[in-house]
Amino acid sequence: MRESTSPRMTTFLSALRLWLALLACGLAVLLGSVLIGGGDSTISASWQALVSPAETPMHAIVWELRIPRAVAAYGVGGLLAISGCLMQILVRNPLADPYTLGLSGGAAVGALGAMLAGAGALATALGAASGALLACIAVFVLAHRDLLARARAAQREDSTDLILIGVMLASGLGAIVSMMLVLAPDKNLRGMLFWMMGDLSGVANWLLPVVTLLACVLLVAPLGRQLNLLMRGEESASALGVRPNAVKSAIFAIASLATAVAVTTAGTVGFVGLVVPHALRRIVGNDQRVLLPACAICGGIVVVVADTISRIVADPIQLPVGAVMAIIGVPTFMFLLVRRR
């Protein structure tokens, strides 16, 4: 009995060591993001403001601007990475990411519509969340046979309809966004463009993405074994006691929630859900019990690094974090594809 449980315990301890090492890296990156600033800001001055209770201008910058922004960036990156990993399992397509199914397009339409109406930050966030939710419902309803019908899913193992519907919906919503930008008055255009390219400079609720990320990890952790079996095929998974319809519905719900919160917080930040899962599969393997928590941690690290670069590279001008992430993500993904071959 002891010999049969030893390999499982060894695997868990190895995964735990990996997660703790990644968390340590994440904390180091968060601390670096808080301490590093542009202009006359030095690391020593930032550290003094971080540890000292004295009410100074640097203290306000560190505690009221940098820390909320860095924490929000970490939550957004983790949500996008774990959502991308789940989407790739759901549609069994390596090109799937949180934006493939049109969720970002729906959020963009909702947020830009609120901006055109002159709404504030809270209403803009609610508009983005509502748009993402409506897009999620539209994709789910239109592709419900792929998600819920065992007979059809068995015939179409790649869930082609689901990803095609998402791509077409994203294209239509992208056209609506383009018309909104053309019709937008000049006073609103800059803010709308920054939101479209990803912006963390004015985060309203910086704890929401982190709390949502923790909730998503806790929800998917018990599904790790079932996700591993589902990747082998639904018939094999069913024979081993997995309920594919319920698992796929749970995947879709969790990934949609994660994407909606991420897009509501930071706008459109691409490539995280595509690059991070691919890179980690080459390092930690394809065991979802290990991969999903690692994605949640490393996704946050990647976006924090990109956001720090966006703050300091052209100081005092702040670049959109989505644009910086794309510059990092494109060559990284191309490198992964070349090494894969």
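The coordinates are above.
Right, let's walk through the structure included here. (Residues numbered from 1 in each chain as written. Predicted model: local features only at pLDDT ≥ 70, side-chain atom pairs only at ≥ 80, totals over all residues. Heavy atoms only, no water.)

### Looking at the overall build of the protein
Within the protein, the regular secondary structure consists of 16 helices and zero strands. Taking 341 residues into account, the globule formula puts the C-alpha radius of gyration at 20 Å, and the protein, at 21 Å, falls close to it. Counting only C-alpha atoms and orienting by the principal axes, one finds that the protein spans roughly 65 × 55 × 35 Å. Scored against the burial criterion, the 341 residues of the protein give a buried share of 46%. A separation of at least 24 residues holds for 74% of the contacts in the protein among residues at least 6 apart in sequence. With the model as given, the accessible surface of the protein reaches about 16,400 Å², and the carbon-plus-sulfur share is 69%. For the protein, the distance from the average position of its 23 positive side-chain charges to the average position of its 16 negative side-chain charges is 9 Å. (Helix = DSSP H or I, 4+ residues; strand = E, 2+ residues; numbered from the N terminus. Rg over C-alpha atoms; globule rule 2.2 N^0.38 Å. Buried < 20%, exposed > 50% of the residue type's maximum accessible area, 1.4 Å probe, protein only. Contact = heavy atoms within 4.5 Å. Areas by Shrake-Rupley, 256 points an atom, 1.4 Å probe, with all protein chains shown as cover. Lys, Arg positive; Asp, Glu negative; His and termini not counted. Charge placed at Lys NZ, Arg CZ, Asp CG, Glu CD.)

### Regarding the pattern of salt bridges
For the structure shown, the criterion picks out two salt bridges. Two residues, Arg69 and Asp307, come together in a salt bridge whose shortest N-O distance is 2.9 Å. Of this pair, Arg69 sits in helix α3 (residues 57–91) while Asp307 sits in helix α15 (residues 288–312); the two residues are 238 residues apart in sequence, bridging distant segments of the chain. Relative accessible area serves as the criterion here: at 9%, Arg69 is assigned to the buried category. The closest approach of N and O atoms between Arg289 and Asp287, which form a salt bridge, is 2.9 Å. According to the relative accessible area criterion, Arg289 is partly exposed, its value standing at 46%. (Salt bridge = Lys/Arg side-chain N within 4 Å of Asp/Glu carboxyl O.)

### Comments concerning the nonpolar core
Membership of the largest hydrophobic core comes to 90 residues, with the highest contact counts inside it found for Leu86, Trp195, Leu227, Ile251, Val269 and Val272. For this core, the element with the most residues is α3, which contributes 18 residues. Once you skip the residues sitting within four places of it in the chain, Trp195 turns out to touch Ala107, Ala108, Ala111, Met115, Ala128, Val263, Ala266, Gly267 and Thr268. (Core = buried A, V, L, I, M, F, W, Y, C linked by side-chain atoms within 4.5 Å.)

### Details of the environment of Ala323
For Ala323, the position within the fold is in helix α16 (residues 321–340). Since its relative accessible area comes to 28%, Ala323 is described here as partly exposed.

### Looking at the packing of helix α10 (residues 208–220) against helix α13 (residues 244–266)
For the pair α10 and α13, the least separation of the axes is 10 Å and the interaxial angle reads 170°. Between α10 and α13, the interaxial angle falls into the category roughly antiparallel. The handedness of the crossing between α10 and α13 is left-handed. Packed against α10, whose contacting residues are Leu208, Pro209, Thr212, Cys216, Leu219 and Val220, the element α13 presents Ile254, Leu257, Ala258, Val261 and Thr265 at the interface. (Axes fitted to C-alpha atoms, helices over the stretch in contact; angles between N-to-C directions. Parallel < 35°, antiparallel > 145°, perpendicular 65-115°, else oblique. Left-handed = near helix turned anticlockwise from the far one by under 90°.)

### Digging into a nonpolar patch on the surface
On the surface, a cluster of nonpolar side chains totalling about 670 Å² of accessible area is made up of Ile36, Ile43, Val305, Ile309, Ile312, Val313, Ile317, Leu319 and Ile328. Note that Ile43 resides in helix α2 (residues 43–51). (Patch = residues over 30% accessible without salt bridge, like charges linked within 9 Å, V, L, I, M, F, W, Y side chains within 5 Å.)

### Some remarks on α10
Taking 1.5 Å as the rise per residue, α10 with 13 residues should run 18 Å; its terminal C-alpha atoms sit 18 Å apart, in good agreement. Its buried side turned inward, α10 meets α3, α11 (224–230), α13 and α15. (Expected span 1.5 Å × (residues − 1).)

### Some details on helix α14 (residues 272–284)
For α14, spanning 13 residues, the distance from its first C-alpha to its last is 17 Å, which sits close to the expected 18 Å at 1.5 Å a residue. If you check which residues of α14 are buried, you get Val272, Gly273, Leu274, Val275, Val276, Pro277, His278 and Leu280. Gly285, located one to two residues past α14, shows a positive phi value of around 90°.

### Brief notes about the environment of Gly172
With respect to the helices and strands, Gly172 occurs in helix α8 (residues 160–183). Note on Gly172: relative accessible area 37%, which makes it partly exposed. When the C-alpha atoms of Gly172 and Phe12 are compared, they prove to be 45 Å apart, with 160 residues separating the residues in sequence.

### Describing the side chain of Gln288
Following the sequence through the fold, Gln288 ends up in helix α15. Owing to a relative accessible area of 1%, Gln288 belongs among the buried residues under this scheme. Within the structure, the side chain of Gln288 is placed 3.0 Å from the backbone oxygen of Asn286, a separation counted as a polar contact. In this structure, Gln288 is in contact with Cys85, Ile89, Gly224, Leu227, Asn228, Met231 and Pro293, ignoring residues within four places of it in sequence. (Polar contact = N/O pair within 3.5 Å; in protein donor to acceptor, adjacent residues only side chain to side chain.)

### Focus on the state of the cysteines
On inspection of all chains with the given rule, the structure shows zero disulfides. Summary of cysteine pairing: Cys295 is not part of a disulfide, and the nearest cysteine sulfur, belonging to Cys85, is at 4.2 Å. Judged by relative accessible area, Cys295 falls into the buried class, the value being 0%. With no disulfide of its own, Cys298 lies closest to Cys295 among cysteine sulfurs, the gap being 7.4 Å. (Disulfide = S-S within 2.5 Å.)

### Brief notes about the packing of α14 against α15
Relative orientation of the contacting elements α14 and α15 amounts to 125°, with a least axis distance of 9 Å. Between α14 and α15, the interaxial angle falls into the category oblique. Here α14 runs over α15; the crossing is right-handed. On α15, the residues touching Val272, Val276, Pro277, Leu280, Arg281 and Val284 of α14 are Val290, Leu291, Ala294, Cys295, Cys298, Gly299, Val302 and Val303.

None of the figures reported here should be taken as evidence of function without further support.
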